[in-house]
Amino acid sequence: MKLVILAVGRGRATPEQDLATGWLARIPQGGELIEIESRLPAGDARREDEGARLLRHCPPATPLVACDPQGRDTSSEALAAMLGRWRDDGIASACFAIGGADGHSPALLQRAEARIAFGSATWPHMLFRAMLAEQLYRATMILAGHPYHRGG
């Protein structure tokens, strides 16, 4: 299953960007980072524009997961189980959306099949991309029975 991170903001030549793209490159069935930007001033209009731009990259039949501080705290095993269900249902790809500073639009949250969080801390957007990419790789390794998850 191809795993796609949809993110607000453009990455630059930073160690965090290198980490994110490096983890995505390790995903056996493929990983991709798609970045969008809005030129609107901060506020509701910008959040709606960002949501619409993110949604354009996630086909209607493709599962969408919103990374949201108000989402369910999700373990590596739970993420793997979710991906495994989709894989077993014959789903070819899944999208994971990281919103901008004002969060996700109501339209994106409504479209999302799940809302996940990695704890209650606030993470820098670029670092969160790398963390999500690593967790997606880890989930694929759990499903493959690879010892990476267990540190062996």
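Residues numbered from 1 in each chain as written. Predicted model: local features only at pLDDT ≥ 70, side-chain atom pairs only at ≥ 80, totals over all residues. Heavy atoms only, no water.

1. Observations concerning the overall build of the protein chain
Alright, step 1. Helix and strand counts for the protein chain stand at five helices and five strands.
Alright, step 2. Overall, the protein chain shows an N-to-C arrangement of helices and strands of β-α-β-α-β-α-β-α-β-α.
Alright, step 3. Its C-alpha atoms give the protein chain a radius of gyration of 15 Å, within 12% of the compact-globule value 15 Å for 152 residues.
Alright, step 4. Structurally, the protein chain occupies a C-alpha span of about 45 × 35 × 25 Å along its principal axes.
Alright, step 5. Sorting the 152 residues of the protein chain into buried and exposed places 45% on the buried side.
Alright, step 6. Sequence-distant contacts in the protein chain: of pairs separated by 6 or more residues, those separated by 24 or more amount to 81%.
Alright, step 7. Carbon and sulfur atoms provide 52% of the accessible area of the protein chain, an area that totals close to 7,900 Å².
Alright, step 8. Taken as two groups, the 17 positive and 17 negative side-chain charges of the protein chain have centres that lie 2 Å from each other. (Helix = DSSP H or I, 4+ residues; strand = E, 2+ residues; numbered from the N terminus. Rg over C-alpha atoms; globule rule 2.2 N^0.38 Å. Buried < 20%, exposed > 50% of the residue type's maximum accessible area, 1.4 Å probe, protein only. Contact = heavy atoms within 4.5 Å. Areas by Shrake-Rupley, 256 points an atom, 1.4 Å probe, with all protein chains shown as cover. Lys, Arg positive; Asp, Glu negative; His and termini not counted. Charge placed at Lys NZ, Arg CZ, Asp CG, Glu CD.)

2. With respect to the environment of Leu108
Alright, step 1. Counting through the fold element by element, Leu108 comes out in helix α4 (residues 106-111).
Alright, step 2. With relative accessibility at 0%, the residue Leu108 sits in the buried group.
Alright, step 3. C-alpha separation for the pair Leu108 and Glu48, spaced 60 residues apart in sequence, amounts to 8.6 Å.
Alright, step 4. Each residue touching Leu108, except ones within four places of it in the same chain, is listed here: Gly51, Leu54, Leu55, Leu64, Ala66 and Ala97.

3. Concerning helix α3 (residues 76-88)
Alright, step 1. Look at α3: 18 Å from first C-alpha to last across 13 residues, which is about the 18 Å you get at 1.5 Å a residue.
Alright, step 2. Residues of α3 that are buried include every one of Ser76, Leu79, Ala80, Met82, Leu83, Gly84 and Trp86, and no others.
Alright, step 3. Buried-residue contacts for α3 involve β1 (2-8), β3 (64-73), β4 (93-98), β5 (114-117) and α5 (125-144).
Alright, step 4. Note on α3: the residue one or two positions beyond its end, Gly90, has a positive phi of about 85°. (Expected span 1.5 Å × (residues − 1).)

4. Structural notes on the sheet that holds β3
Hydrogen bonds between backbone atoms are what pair the strands of a sheet, whose relative direction is either parallel or antiparallel.
Alright, step 1. On the basis of which strands lie adjacent, the open sheet formed by five strands has the order β2-β1-β4-β3-β5 and parallel pairing. In the strand order of this sheet, the two ends are held by β2 (31-36) and β5, each with one partner. Neighbouring strand axes in the sheet, compared pairwise and without regard to direction, differ in orientation by 35° on average.
Alright, step 2. Here β1 runs beside β2; their pairing, made up of six bridges, is parallel. Bridge pairing in β2 places Ile5 opposite Leu33.
Alright, step 3. Across the sheet, helix α2 (residues 44-55) lies against β1, β2, β3 and β4, angled at about 160° from β1, the strand it touches most.
Alright, step 4. Of the strands in this sheet, β1, β3, β4 and β5 touch α3, which is tilted by about 140° from β4. (Pairing = 2+ DSSP bridges. Axes fitted to C-alpha atoms, helices over the stretch in contact; angles between N-to-C directions.)

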